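# Observations on chain architecture
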Amino acid sequence: MSVRAVRDAISLARPVLGEAEERRVLEVLRSGRLSLGPLLGEFERAFAGKVGAAHASAVSSGTAGLHLALRAVGVKEGDEVVTTPLSFVASANVAVYERARPVFADIDPVTLNLDPEAAAAAVTDRATALLPVHLFGYPADLAAFERIGLPIVEDACEALGANDADGIPVGGRGHPAVFGFYANKQLTTGEGGMVAVADSAAKERIDSERNQGRAPDMDWLDHDRLGFNYRLSEVACALGLAQLERLDDLLSGRARVAETYRQMLRGVEGLELPCEDTGRIRRGWFVFVVQLPRDVERDVTVRALSERGVPSKPYFPAVHLMTYYREQFGHREGEFPVCEDVAARSIALPFFPEMREGQVEQVAEALREVLGR
Ligand SMILES: *Cc1c(COP(=O)(O)O)cnc(C)c1O
């Protein structure tokens, strides 16, 4: 392929990185301080301010953040954590890390988030936490989950910039809310994550457990609890600070691309687009996932799109039907019919803040053509 063809190929996702990121990273390199330096606290405070949380703890990934957040609300061996089967596998894995059992409940067919009624029905006396996911940046129905009365950990890894049904920014509601900074997320540090929390005790515990269980006033090599190495480097914090400064632009870029997709794909028979915001809800756009018409084969569609220079991928597969979850927990097809139907028909289309209108048009036209409508 020629250089030009490579440059013009549409990618599935693509971070926005510029001079601000380069300058900040260079400053860290020149400072010689690569971990546990001044940028850690700076990034945490700036991020907490952005989502309206009292505190935030930076960690090495969204998964690490979810793990520590579950520990912070007291999940332990033998417990059950009620969550959605339509998510990235990490949402369920983190319960398994603590030898707790992820208990799935079906999703809402419109929002694609965990259905609060199904979740309530799945609660047993062993359940000690709920782990709703703001899937594809669309806020989960937190008020309904709060009525169930169990501690909540929000998987907000896809929802930076979203507002919930009460108009509260995701992360600012008071439950531990976990964000992810992998390269395709709204804000990236390459790898990284953040746990937003309301109280200083939770922050202290998370800060300690990300750093081998060291108490803040303790000696460098003394440890008063079991911990992990889930630290985020100064280089990553520098990237995060630069990204945070341009976050509003990144988010509005994504929202613009989503709106263009919506206009160009509206009315394609049988194709389901992401649900629209209602009331005070504002989606924090992360991906543009469509559900294909029931009468087309997804694999054929993905291949035909690829032949037209348009990458796409099945997204998300149902977690309970993954090999590990089938083998370890005995899950099988038919348990969560709404989730399974959505998972079988969904594909993610190319989506990133700097995607040009012409590129969106190319994707939309290819999809219409491939679908024959
Ligand atoms: C990205 C993501 C995570 C965390 O992923 P990491 O790669 O560990 O940062 C967790 N849950 C969901 C739903 C995600 O999309």
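Structural notes, computed from the coordinates. (Residues numbered from 1 in each chain as written. Predicted model: local features only at pLDDT ≥ 70, side-chain atom pairs only at ≥ 80, totals over all residues. Heavy atoms only, no water.)

### So, the pairing of strand β4 (residues 127-131)
Successive side chains on a regular strand alternate, one facing one side of the sheet and the next facing the other. Inclusion rule: Here's how the labels work: a residue is buried when its accessible area is under 20% of the maximum for its type, exposed when over 50%, partly exposed in between, all with a 1.4 Å probe on protein chains only. Helix numbering and strand numbering both begin at the N terminus, where a helix is a DSSP run of H or I of at least 4 residues and a strand a DSSP run of E of at least 2. Pairing between strands is defined by DSSP: at least two bridges between the two strands are required.
In terms of burial, β4 is largely enclosed, as 4 of its 5 residues are buried. Here strand β2 (residues 80-83) runs beside β4; their pairing, made up of 4 bridges, is parallel. Its bridge partner being in β4, V81 is matched across the sheet by A129.

### A look at the side chain of R173
The condition is simple: Each polar contact in these results corresponds to two N or O atoms within 3.5 Å; when the atoms are within protein, one needs to be able to donate a hydrogen and the other to accept it, and residues that are neighboring in sequence are counted only if both atoms are side-chain atoms. Contacts are assigned to residue pairs with any non-hydrogen atoms lying within 4.5 Å of each other.
Structurally, R173 is set in the loop between β5 (154-155) and β6 (177-180). There is a polar contact of 2.6 Å between the side chain of R173 and the side chain of E146. One polar contact links R173 to D164, side chain to side chain, over a distance of 2.7 Å. Setting aside anything within four residues of it in sequence, one finds R173 in contact with L142, A143, E146, E154, D164, D166 and I168.

### Details of the site of the ligand
Stated precisely, the cut-off is as follows: Only heavy atoms are used to decide nearness, and a residue is near a molecule or strand if one of them lies within 4 Å of it. Values of accessible area rely on a 1.4 Å probe in the Shrake-Rupley scheme; residue burial ignores everything except the protein chains shown. Classification convention: Asp, Glu, Lys, Arg as charged; Ala, Val, Leu, Ile, Met, Phe, Trp, Tyr, Cys, Pro as nonpolar; all other residues, Gly among them, as polar.
What surrounds the ligand is a group of 13 residues, the closest being G62, T63, D155, E158 and K185. In the model, an oxygen atom of the ligand is placed 2.8 Å from a nitrogen or oxygen of the G62 main chain. A distance of 2.8 Å separates a nitrogen atom of the ligand from a polar atom in the side chain of D155. Contact with the protein chains removes 91% of the 380 Å² of surface that the ligand exposes when unbound. Partitioned by chemical class, the residues of the shell around the ligand number 4 nonpolar, 6 polar and 3 charged.

### So, the pattern of salt bridges
What counts here: The salt bridge definition used is simple: a Lys or Arg side-chain nitrogen within 4 Å of an Asp or Glu carboxyl oxygen.
Counted by the stated rule, this structure contains 25 salt bridges. For R246, the salt bridge identified is with E21, shortest N-O distance 2.8 Å. One end of the pair, R246, is in the loop between α9 (234-245) and α10 (247-265); the other, E21, is in helix α2 (residues 19-31), with 225 residues separating them in the sequence. Taking relative accessible area as the criterion, R246 reaches 22% and is therefore assigned partly exposed. In this structure E21 comes out as buried when scored by relative accessible area, which is 2%. One salt bridge connects R326 with E333, and the closest N-O pair in it is separated by 2.6 Å. The exposure class assigned to E333 is exposed, which follows from its relative accessible area of 53%.

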